[in-house]
Amino acid sequence: MGLVDPVQDDYTVPWPPNRPLTRDDLDRMPHDGHRYELVDGALIMTPAPSRLHQRAVAAVYRALFAACPDELEVLFAPLDVVIAPDTVIQPDVLVARRDDFTERDLPKAPLLAVEVLSPSTKRVDLMLKWSRLEAAGCPAYWVVDPDTPSLIAWEMRDGAYAQVAKVTGDEVARLEVPFAVTVVPADLTS
């Protein structure tokens, strides 16, 4: 069974291929409403998020958007972030310089990537994406757990992530990268 290119239906990729996948392979995935990402050439398909997850994504977006300077832009998934030919991710929320975007994607690490945890993505968000974004030099990475509610934030220090905030409930995180913003986890799910 092959993977059919929606543009060139005579082109197929053996499935599963006998090599790591690339951005080109990802582009050939069917447009079937699923969220596909690549990490080190491995395909990750994410199911539709829960209502609580989406509420937290929207709240993070609103908090960042309200504080965002004009030269930066805040966007939410799905938007491809290409950090290597075999690693294309879609953070739940991201901040990047307006000039760094193409019409299609962000071809480099963002200034901030935010993931809202769900049972199906927790390991990927806390281990794989965390390490790949760190290696790509993403200046800040946040993980929000809407079930707790909590926030953990890391910032790049001397080429590695250092935890700069870990707050739950009504505790306040005052973060400075990529710009000053205050986050209260309980506000993200109410």
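Presented here is a report on the structure given in the accompanying data block. (Residues numbered from 1 in each chain as written. Predicted model: local features only at pLDDT ≥ 70, side-chain atom pairs only at ≥ 80, totals over all residues. Heavy atoms only, no water.)

## Observations regarding unusual backbone geometry
Thinking step 1. Cis geometry marks the peptide bond from Ala77 to Pro78; its omega dihedral reads 5 degrees.
Thinking step 2. With respect to the secondary-structure elements, Pro78 resides in the loop between strand S5 (72-76) and strand S6 (81-84).
Thinking step 3. Looking along the chain, the bond that leaves Thr148 and enters Pro149 is cis, with omega of -25 degrees.
Thinking step 4. A positive phi angle, near 55 degrees, is found at Asp40, a position not held by glycine.
Thinking step 5. Note on placement: Asp40 falls in the loop between strand S3 (35-39) and strand S4 (42-46). (Helix = DSSP H or I, 4+ residues; strand = E, 2+ residues; numbered from the N terminus.)

## Some thoughts on the pattern of salt bridges
Thinking step 1. Scanning the entire structure with this criterion turns up 14 salt bridges.
Thinking step 2. A salt bridge links Asp100 to Arg97; the nearest nitrogen and oxygen atoms lie 3.6 Å apart.
Thinking step 3. Close ionic contact of Lys129 with Asp125 constitutes a salt bridge, the shortest N to O distance being 3.8 Å. With Lys129 and Asp125 both in helix H3 (residues 122-135) and four residues apart, this pair spans about one turn of that helix. For the residue pair Lys129 and Asp125, the accessibility class agrees, reading buried in each case.
Thinking step 4. Via salt bridges that share partners, Arg23, Asp27, Asp80, Arg104 and Asp105 belong to a single interconnected network. (Salt bridge = Lys/Arg side-chain N within 4 Å of Asp/Glu carboxyl O. Buried < 20%, exposed > 50% of the residue type's maximum accessible area, 1.4 Å probe, protein only.)

## Quick notes on the layout of surface pockets
Thinking step 1. For the largest pocket, the calculated volume is near 570 Å³.
Thinking step 2. His34, Arg35, Tyr36, Pro78 and Gln90 are, among the 28 residues lining the largest pocket, the residues nearest its centre.
Thinking step 3. Counting only elements with at least two residues in the lining of the largest pocket, the list comes to helix H1 (23-27), S3 and helix H2 (51-67).
Thinking step 4. Considering each element in turn, the lining of the largest pocket owes the most residues, five residues, to H2.
Thinking step 5. Of the residues contributing to the lining of the largest pocket, the split by class is 14 nonpolar, seven polar and seven charged. (1 Å grid on protein atoms, 1.4 Å probe; cavity = no way out; pocket = protein on both sides within 12 Å on 5 of 7 lines; lining within 4 Å. Points joined across faces, edges and corners; volume = space filled by probe spheres on them. Nonpolar A, V, L, I, M, F, W, Y, C, P; charged D, E, K, R; others polar.)

## A few points about the nonpolar core
Thinking step 1. Ranked by internal contacts, the top residues of the largest apolar core, which has 27 residues, are Leu64, Val114, Trp142, Leu151 and Leu175.
Thinking step 2. In terms of residue count, the dominant contributor to this core is H2 (five residues).
Thinking step 3. Those residues in contact with Val114, other than ones at most four positions away along the chain, are Val60, Leu64, Pro91, Asp92, Val93, Trp142 and Val144. (Core = buried A, V, L, I, M, F, W, Y, C linked by side-chain atoms within 4.5 Å. Contact = heavy atoms within 4.5 Å.)

## So, the sheet that holds strand S8 (residues 93-97)
Thinking step 1. Taking strand neighbours across the sheet as the criterion, the six strands line up as S5-S8-S9-S10-S11-S12 in an open arrangement whose pairing is mixed. Here the strands that pair on one side only, and so sit at the sheet edges, are S5 and strand S12 (160-168). Across this sheet, the average inter-strand angle for adjacent strands is 15 degrees, counted without regard to direction.
Thinking step 2. Of the strands in this sheet, strand S9 (112-116), strand S10 (140-145), strand S11 (150-157) and S12 are in contact with H3, which crosses S10 at around 175 degrees. (Pairing = 2+ DSSP bridges. Axes fitted to C-alpha atoms, helices over the stretch in contact; angles between N-to-C directions.)

## Focus: the state of the cysteines
Thinking step 1. Evaluated as defined, the whole model comprises zero disulfides.
Thinking step 2. In this model Cys68 remains outside any disulfide bridge; the closest cysteine sulfur is found in Cys138, 14 Å from its own.
Thinking step 3. Exposure remark for Cys138: the relative accessible area of 0% places this residue in the buried category. (Disulfide = S-S within 2.5 Å.)

## Things to note about H2
Thinking step 1. For H2, spanning 17 residues, the distance from its first C-alpha to its last is 25 Å, which sits close to the expected 24 Å at 1.5 Å a residue.
Thinking step 2. Regarding H2, the residues found buried are His53, Ala56, Val57, Ala59, Val60 and Leu64. Viewed end-on, H2 has its buried residues packed into an arc of 165 degrees, placing them on one side of the element. Those residues of H2 that are exposed and aimed more than 90 degrees away from the buried face are Arg51, Arg62, Phe65 and Ala66.
Thinking step 3. In this fold, the buried residues of H2 make contact with S5, S8, S9, S10 and strand S14 (181-183). (Expected span 1.5 Å × (residues − 1). Arc of directions from axis to C-beta.)

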